[in-house]
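What follows is each chain in one-letter form.
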Amino acid sequence: MLDQIKGLHHVTSMARDARQNNDFFTRKLGQRRVKKTVNFDAPDVYHLYYGDEAGTPGSVMTYFPFPDIGKGRHGVGEVGTTVYSVPEGTLAYWEKRFADEGVTGLSREETFGEKRLAFAGSDGDGFALVEDKADSRAPWAKGGIPVDEAIRGFHSVSLRLKDGGATGELLKFMGYEEIEKSGNVRRLALKNGNGADVVDIESLPGAAFADLGAGSVHHVAFAVENRAKQLEVRKALMDTGYGVTPVIDRDYFWAIYFRTPGGVLFEVATNEPGFDRDEDTAHLGEALKLPTQHQHLRPYLEQHLQKLEG
């Protein structure tokens, strides 16, 4: 069993409109845009990152807003719900805020003894807030949300799978332990993680497979401290039979990718070097940052990409 994984690192999804996406996360959710860059493989498309003040691993939601993308179809083989942690007793505040802001898909739930508020993102993405009184992480304090109510970071992701057995075994190999079960949902958690420590597996054997599009999660990333730990994880996964990519430099972290038995794309990302490698922490997400291989495109991209507030 691996001990290098420290919880979630980031979740990356697809969107249709960059301005709408930016508004939803920075204004409605009060998150900080910590990086404004481009998709390394399609540089005429933004890659936007939202999180806490520093873009701490375990807090970061990222998006590829493709202007012509079709709407995703939800189903199995995907991350169904991305769950944020908020302080105890704050769901009433968020429910009113979301209603006032026109956020859709609102419903109160209780899962594994936790109070939750489900809501939809601007492209129909599946989200929820869960009250977690034990979460001591500091929120982004300048996002227009009172500090006592503000989002702390990720709580969990929920995977929707036809059969969760093999993916559950993979997560156990990655250091997770099954701690609870309710109906068709199994909860796995990581001890001594970064606060974003939970993965739920929902088994839906009769459901259709998801179709990637706007509102879909592209991949979920797990955090390791550094490149040495990442290489240890890569070797262990490959020795177990997984096809893992070479290490890829994403400027703000190094990444490896592999497909799970249930069809979800997993990434293992390093905590180093972080989002302040090319911007002072006080000014994260303000300027358009380009990887070296796309610097020559700057004049075109600055004209072509949508202008974003903030």
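A quick note: this is a predicted structure, and the numbers were derived from the prediction, not measured. Per chain, residue numbering runs from 1 following the sequence as it is written. Given that this is a predicted model, residues contribute local features only at a pLDDT of at least 70 and side-chain atom pairs are listed and counted only at 80 or more, while totals for whole chains, interfaces and linings are drawn from all residues. Values shown for side chains rest on all heavy atoms present in the structure; no hydrogens or waters enter the calculation.

Novice: Just checking my understanding: could you explain the overall build of the protein chain for this structure?
Specialist: In terms of helices and strands, the protein chain carries five helices and 16 strands. All radius of gyration figures rest on C-alpha atoms, and the globule criterion is 2.2 Å times the number of residues raised to 0.38. A globule of 310 residues ought to have a C-alpha radius of gyration of about 19 Å, and the protein chain, at 18 Å, matches this closely. With respect to the three principal axes, the spread of C-alpha positions in the protein chain is 50 × 50 × 35 Å. Under the scheme applied here, a residue whose accessible area is under 20% of the maximum for its type counts as buried, over 50% as exposed, and between as partly exposed, the area being computed with a 1.4 Å probe on protein chains only. Taking all 310 residues of the protein chain together, the buried fraction comes to 55%. The long-range fraction of contacts in the protein chain, counting pairs at least 24 apart against all pairs at least 6 apart in sequence, stands at 67%. Here Asp and Glu are counted as negative and Lys and Arg as positive; His is not counted, and neither are the chain ends. To locate a charge, the coordinates of NZ of Lys, CZ of Arg, CG of Asp or CD of Glu are taken. In the protein chain, 37 side chains carry a positive charge and 46 a negative one; their mean positions are 2 Å apart. Elements are defined by DSSP. Helices are runs of H or I of four residues or more, strands are runs of E of two residues or more, and each kind is numbered from the N terminus. A contact between two residues is defined here by any heavy atoms of the two lying within 4.5 Å.

Novice: Any chance you could explain the UniProt feature "domain: VOC" (unreviewed entry) in the protein chain here in plain terms?
Specialist: UniProt positions are given in the numbering used here, feature names are shortened, and annotations may be inferred rather than shown by experiment. Residues annotated in UniProt with the feature "domain: VOC" (unreviewed entry) correspond here to residues 7–132 and 153–271. From the first C-alpha to the last, residues 7–132 spans 16 Å; its make-up is 17% helix and 47% strand. Taken end to end, residues 153–271 comprises 18% helix and 42% strand; its first and last C-alpha atoms sit 15 Å apart.

Novice: I'm lost on the sheet that holds strand 2 (residues 32–39) in this one. Help?
Specialist: Adjacent strands of a sheet form backbone hydrogen bonds with each other and so pair up, either parallel or antiparallel. The pairing criterion for strands is at least two bridges between them, as found by DSSP. Reading across the sheet, the eight strands line up as 2-3-4-1-13-16-15-14 and stay open at both edges, with mixed pairing between neighbours. Looking at strand neighbours, the two that pair on one side only are strand 2 and strand 14 (248–249), the edges of this open sheet. Seen against the sheet, helix 1 (residues 18–28) touches strand 1 (8–15), strand 2, strand 3 (42–51) and strand 4 (60–65) and runs at an angle of roughly 10 degrees to strand 3. Under this scheme, a helix contributes an axis fitted over its contacting stretch, all axes are lines through C-alpha atoms, and angles between N-to-C directions fall in the 0 to 180 degree range.

Novice: What is the right way to look at the nonpolar core in this model?
Specialist: In summary, soluble globular proteins display a tendency toward joint burial of nonpolar side chains. In terms of nonpolar packing, the biggest core is built from 61 residues, with F222 and F266 touching the most fellow members. The contacts of F266, once residues within four sequence positions are left out, are L159, L170, L171, M174, V220, F222, I256, Y257, F258 and T260. Put simply, buried Ala, Val, Leu, Ile, Met, Phe, Trp, Tyr and Cys residues joined by side-chain atoms within 4.5 Å make one nonpolar core. Y49, V60, L265 and L284 belong to the second-largest nonpolar core, a separate cluster that totals 12 residues.

Novice: Honestly, helix 1 in this entry has me stumped. Any pointers?
Specialist: Note that an α-helix has 3.6 residues per turn; residues three or four places apart therefore point the same way. Taken together, the buried positions of helix 1 are A18, N21, N22, F24, F25 and K28. Just beyond helix 1, the residue with positive phi is G30, at close to 70 degrees.

Novice: Explanation requested: the pattern of salt bridges in the structure shown.
Specialist: Close approach of charged atoms allows side chains of opposite charge to pair. Think of a salt bridge as a Lys or Arg side-chain nitrogen and an Asp or Glu carboxyl oxygen that are within 4 Å of each other. Scanning the model with the defined rule gives 18 salt bridges in all. One salt bridge connects R108 with E95, and the closest N-O pair in it is separated by 3.1 Å. Of the two residues, R108 is situated in strand 6 (residues 107–111) and E95 in helix 2 (residues 91–101); the sequence distance between them amounts to 13 residues. Take R108: its relative accessible area is 44%, and that puts it in the partly exposed class. For the salt bridge of R187 with D200, the shortest nitrogen-to-oxygen distance reads 2.8 Å. Pair noted here: R187 is in strand 11 (residues 185–189) and D200 is in strand 12 (residues 198–203), with a separation of 13 residues, a long-range link. Classification of R187 as buried rests on a relative accessible area of 2%. Taken together, the salt bridges that share partners define one network made up of D23, R27, K28 and E101.

Novice: Please explain the environment of D211 as it appears in this structure.
Specialist: Tracing the sequence through the fold places D211 in the loop between strand 12 and strand 13 (217–224). Spatially, the C-alpha atom of D211 lies 27 Å from that of R108, the residues being 103 residues apart in sequence. For D211, the contacting residues outside a window of four places in its chain are G72, R73 and S216.

Novice: I keep staring at helix 4 (residues 227–239) and nothing clicks. Help me out?
Specialist: By this rule, a helix spans an expected 1.5 Å times one less than how many residues it contains. Compared with the 18 Å implied by 1.5 Å per residue over 13 residues, the 18 Å span of helix 4 between its first and last C-alpha is a close match. Along helix 4, the residues classified as buried are Q230, V233, A236 and L237. The buried residues of helix 4 occupy an angular sector of 125 degrees when projected down its axis, which confines them to one face. Opposite its buried face, helix 4 presents the exposed residues K235 and D239, each directed more than 90 degrees away. Check the buried side of helix 4 and you find it contacts helix 3 (165–173), strand 13, strand 15 (253–259) and strand 16 (265–273). The arc in question is the one traced by the directions running from the helix axis out to the C-beta atoms.

Novice: Looking at this structure, how should I read the packing of aromatic side chains?
Specialist: Here a ring pair, both rings aromatic, is described through the centre-centre distance and the interplanar angle of the planes. For this analysis, a ring pair means two rings from Phe, Tyr or Trp (six-membered ring only for Trp) whose centres lie within 6.5 Å, classed as stacked if their planes differ by under 30 degrees, edge-to-face if by over 60, and tilted for the remaining angles. This structure, assessed with the given rule, holds 18 aromatic pairs. By way of ring pairs, the aromatic residues F24, F25, Y50, Y63, Y84, Y93, W94, F98, F119, F127 and F154 are connected into one cluster. Definition used: whenever NZ (Lys) or CZ (Arg) falls within 6 Å of the ring centre and also within 35 degrees of the ring normal, the charge is taken to sit over that ring. The residue whose ring lies beneath K162 is F209, and the NZ or CZ to ring-centre distance is 5.2 Å.

Novice: I tried to follow the sheet that holds strand 9 (residues 153–161) on my own but got confused; where do I start?
Specialist: Strand order in the open sheet made by the eight strands is 6-7-8-5-9-12-11-10, with mixed pairing throughout. A single partner strand is all that each edge strand has here, and the edge strands are strand 6 and strand 10 (177–182). For this sheet, the mean inter-axis angle between neighbouring strands, taken without regard to orientation, is 25 degrees. Pairing geometry for strand 9 and strand 12, over six bridges, is parallel. Paired with R160 across the strands is E202, a residue of strand 12. Each of strand 5 (78–86), strand 6, strand 7 (114–120) and strand 8 (126–131) is contacted by helix 2, which is oriented at about 10 degrees to strand 7, the strand it contacts most. With respect to the sheet, helix 3 is in contact with strand 9, strand 10, strand 11 and strand 12, its orientation differing from that of strand 11 by roughly 10 degrees.

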